[in-house]
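What follows is the residue order along each chain.
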Amino acid sequence: MASSFDGDNKFDFHFGVGYDFNFKQAAILREWSDPNNPKSTMVRDLLYRQQRHVVTPTMEIGLYKDLAIYAALPIVISDQRTYGFDQKAEPCVYAQDATGTNPATCVRHDNSTTIRDGIIPRDGFNAMNAASPFGAFGGAGTETIFKGANRYGLDQLIVGLKIGILNQDRLSHMPKWVLGLEGRFAVGKPMTFSRDTVDSDPAGNHRVGRGTHELGVWTALSRRYRFLDPFFTAWWYQAIRANGSEFKNYGATQDRINPQSNVGVSFGTEIVPFERKAKGQKVALNLRGLAMLKYGGRGYSEAWELFADSPALVGTFQPGQAGLECDRGAVDSVVQYAKDNPQNGDALGGSGVTGRSGGGGCQRFNGITNIQDFATFGVNIALHAQLSKYAMLMIGTTLTTDTRHLITAASRGKAALGGDPNLVDQPNEINPVRRDVIDQVGRRYAVGDVFGAMGYFRFLLTF
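Note that the structure is a prediction, hence the values are computed from the model and not measured.

Q: Which parts of the structure should I look at to understand the overall build of the protein?
A: Helix and strand counts for the protein stand at five helices and 19 strands. A principal-axis box enclosing the C-alpha atoms of the protein has dimensions of 80 × 50 × 45 Å. Looking at the protein residue by residue over its 463 residues, the buried ones come to 46%. Total accessible area computed for the protein in this model is approximately 21600 Å², and 58% of it derives from carbon and sulfur atoms. The averaged location of the 45 negative side-chain charges in the protein is 7 Å from the averaged location of its 49 positive side-chain charges.

Q: Would you mind going over a nonpolar patch on the surface with me for this structure?
A: A cluster of nonpolar side chains, namely Ile 163, Ile 165, Trp 177, Leu 221, Phe 232 and Phe 267, defines an oily patch on the protein surface of about 520 Å² accessible area. Along the chain, Ile 165 falls in strand E8 (residues 156-166). Among the residues examined, Ile 165 registers a relative accessible area of 40% and is labelled partly exposed.

Q: Can you walk me through the state of the cysteines in this structure?
A: Simply put, disulfide is the name for a covalent bond between the sulfur atoms of two cysteines. Counted by the stated rule, this structure contains two disulfides. The disulfide that involves Cys 92 links it to Cys 106, with 1.9 Å between the sulfurs. Measuring handedness by torsion sign, the sulfur bridge of Cys 92 and Cys 106 sits at about -140 degrees and is left-handed. Residue Cys 92 is located in the loop between strand E4 (75-85) and helix H1 (113-116), and its partner Cys 106 is located in the loop between E4 and H1; the two are separated by 14 residues in the primary sequence.

Q: Would you mind showing me how to read the packing of aromatic side chains here?
A: Any pair of aromatic rings gets described here by the distance separating the centres and the angle formed by the planes. Under the counting rule described, the total for this entry stands at 11 aromatic pairs. Taken together, a centroid distance of 6.0 Å and an interplanar angle of 50 degrees make the contact between Phe 146 and Phe 193 tilted. Taken together, the positions of Phe 146 in strand E6 (residues 144-147) and Phe 193 in the loop between strand E9 (176-186) and strand E10 (212-222) put the pair 47 residues apart, joining distant regions of the chain. On the basis of relative accessibility, which here comes to 6%, the residue Phe 193 falls in the buried class. Seen in terms of ring centroids, Phe 307 and Tyr 445 are 5.1 Å apart; in terms of plane orientation they differ by 65 degrees. Their pairing is edge-to-face. Of this pair, Phe 307 sits in helix H2 (residues 304-307) while Tyr 445 is found in strand E19 (residues 445-462), placing the two residues 138 residues apart along the sequence.

Q: Which parts of the structure should I look at to understand the pairing of strand E17 (residues 391-402)?
A: When a strand is regular, its side chains alternate between the sheet's two faces. Bridging between strand E16 (residues 374-388) and E17 involves 12 bridges; their strand directions are antiparallel. Bridge pairing in E17 places Ala 382 opposite Gly 396. Hairpin geometry of E16 and E17 is characterised by an intervening segment of two residues between the two adjacent antiparallel strands. Examined bridge by bridge, E17 and E19 share 10 bridges and lie antiparallel to one another. Each bridged residue has a counterpart across the sheet, and for Leu 393 the counterpart in E19 is Phe 459.

Q: What's the story with the environment of Thr 400 in this structure? I'm lost.
A: Among the structural elements, Thr 400 can be located in strand E17. Considered as a pair, Thr 400 and Leu 171 are 229 residues apart in the sequence and their alpha carbons are 36 Å apart. The residues touching Thr 400, leaving out its near neighbours within four places in the chain, are Thr 376, Phe 377, Gly 378, Val 450, Phe 451 and Gly 452.

Q: Would you take a moment to explain the pattern of salt bridges for this structure?
A: Taken as a whole and assessed by the stated rule, the structure comprises 25 salt bridges. The partner of Lys 282 in a salt bridge is Glu 270, and the shortest N-O contact between them spans 3.3 Å. Taken together, the positions of Lys 282 in strand E13 (residues 281-295) and Glu 270 in strand E12 (residues 261-276) put the pair 12 residues apart, joining distant regions of the chain. When the shortest N-O distance is used, the salt bridge between Arg 364 and Asp 309 registers 3.2 Å. Here Asp 309 lies in the loop between H2 and helix H3 (328-340) and Arg 364 lies in the loop between helix H4 (347-351) and strand E15 (369-371), a separation of 55 residues in the sequence.

Q: Sorry, what's going on with the pairing of E4 here?
A: Counting buried positions over the 11 residues of E4 gives eight, a clear majority of the element. Relative to strand E7 (residues 151-154), E4 runs antiparallel, the two sharing three bridges. Opposite Ile 75, over in E7, you have Leu 154 as the bridge partner. Note that E4 and E6 share three bridges and pair antiparallel. Each residue of the ladder has a partner; that of Gly 84, found in E6, is Thr 144.

Reading the values: rules and limits
Residues numbered from 1 in each chain as written. Predicted model: local features only at pLDDT ≥ 70, side-chain atom pairs only at ≥ 80, totals over all residues. Heavy atoms only, no water. Helix = DSSP H or I, 4+ residues; strand = E, 2+ residues; numbered from the N terminus. Buried < 20%, exposed > 50% of the residue type's maximum accessible area, 1.4 Å probe, protein only. Areas by Shrake-Rupley, 256 points an atom, 1.4 Å probe, with all protein chains shown as cover. Lys, Arg positive; Asp, Glu negative; His and termini not counted. Charge placed at Lys NZ, Arg CZ, Asp CG, Glu CD. Patch = residues over 30% accessible without salt bridge, like charges linked within 9 Å, V, L, I, M, F, W, Y side chains within 5 Å. Salt bridge = Lys/Arg side-chain N within 4 Å of Asp/Glu carboxyl O. Disulfide = S-S within 2.5 Å. Phe/Tyr/Trp six-rings, centres within 6.5 Å; stacked < 30°, edge-to-face > 60°. Pairing = 2+ DSSP bridges. Contact = heavy atoms within 4.5 Å.

Set out below in structure tokens:
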């Protein structure tokens, strides 16, 4: 860490730049039940893939001995999501060849539950071709069914304060112990998604901001012994919705409002096979394991672009309020209009539902859902090269996986607001963010088989 007014070192300033390439893949699963299968089972439906490129300039200034402030601004150069049918099973059996004893194991247009419920169009959607997004994936042999828009820009500004509590360089029998206070503040406008792209390409389709502030604390502890430098870190970040975010508060019956928070630990060691202290040179291999819990909130899940602006998820955010109803018949009208007019991205407006009796409160869904708590586990392997007293290079990769978890988990609502105290049976008791087609037991979505890989490069100058 930067440390100023420290002996002959009057001022410390660090400047760096990093590049990350993130790849993520996950199976999007669906609970499903029907008259022939009364027990709800988890079935495979879609495969999610995301590729993201980020450049991050960083700065750290020493304020005093073992006291520094730092800042980082991740800049997303490109972020794109693609969804395809899950056809990874071996042997791969499609619905047309399935029997009672040999069920379907692979997915196409005719047995995707997401298509069956009208959540996405039968022939897919391609936001990368904003002028003609519909009907791009209608061929029988296609695997891709939905492409999100290319996103870029800013999400959060990271600022923090580092305090060196113990320093092995001063007291050789003690470890290094650093405590950090950090804020991650939303600076980019929140991302949204609209299928109405033909006449104009919505700006929200290209944003990367989540509209989330995070306030947290972290600590790091290490103790160098000859060529080994084992370390331990821990952190906690409380997430808070920012002004103007898509994390809306619709009233007392909403079960969750804020984004998910996270807490985690990492541990490992740095192995130093080569070092020349006099010249400030060192080569080290860094091995690290990590575990993190995300909990207690809502979020932009792996399937949020599928859900956002879907005709099947039209609903009301003011249940029980006169004149703002959105009944099942109104939603069915929107879904039917979308099927009959597959080239119109504004199914709600085109259907004429808004203003009808029983449909005056129908509004688009923004795609954000209640997400079940889940854990992330990972390993990191990196090469750190101290080129001189003033320059450092880091190259590495991090591999992660998430535990299987539901990504549509809104509760029914809150009882005892006018009816049976043990049953949600009144319109004004219903959770305004719940959509039965994805939140009802037997229709909920989950993600599993998650694989993430991040390759990164860091270059740091220290003065």
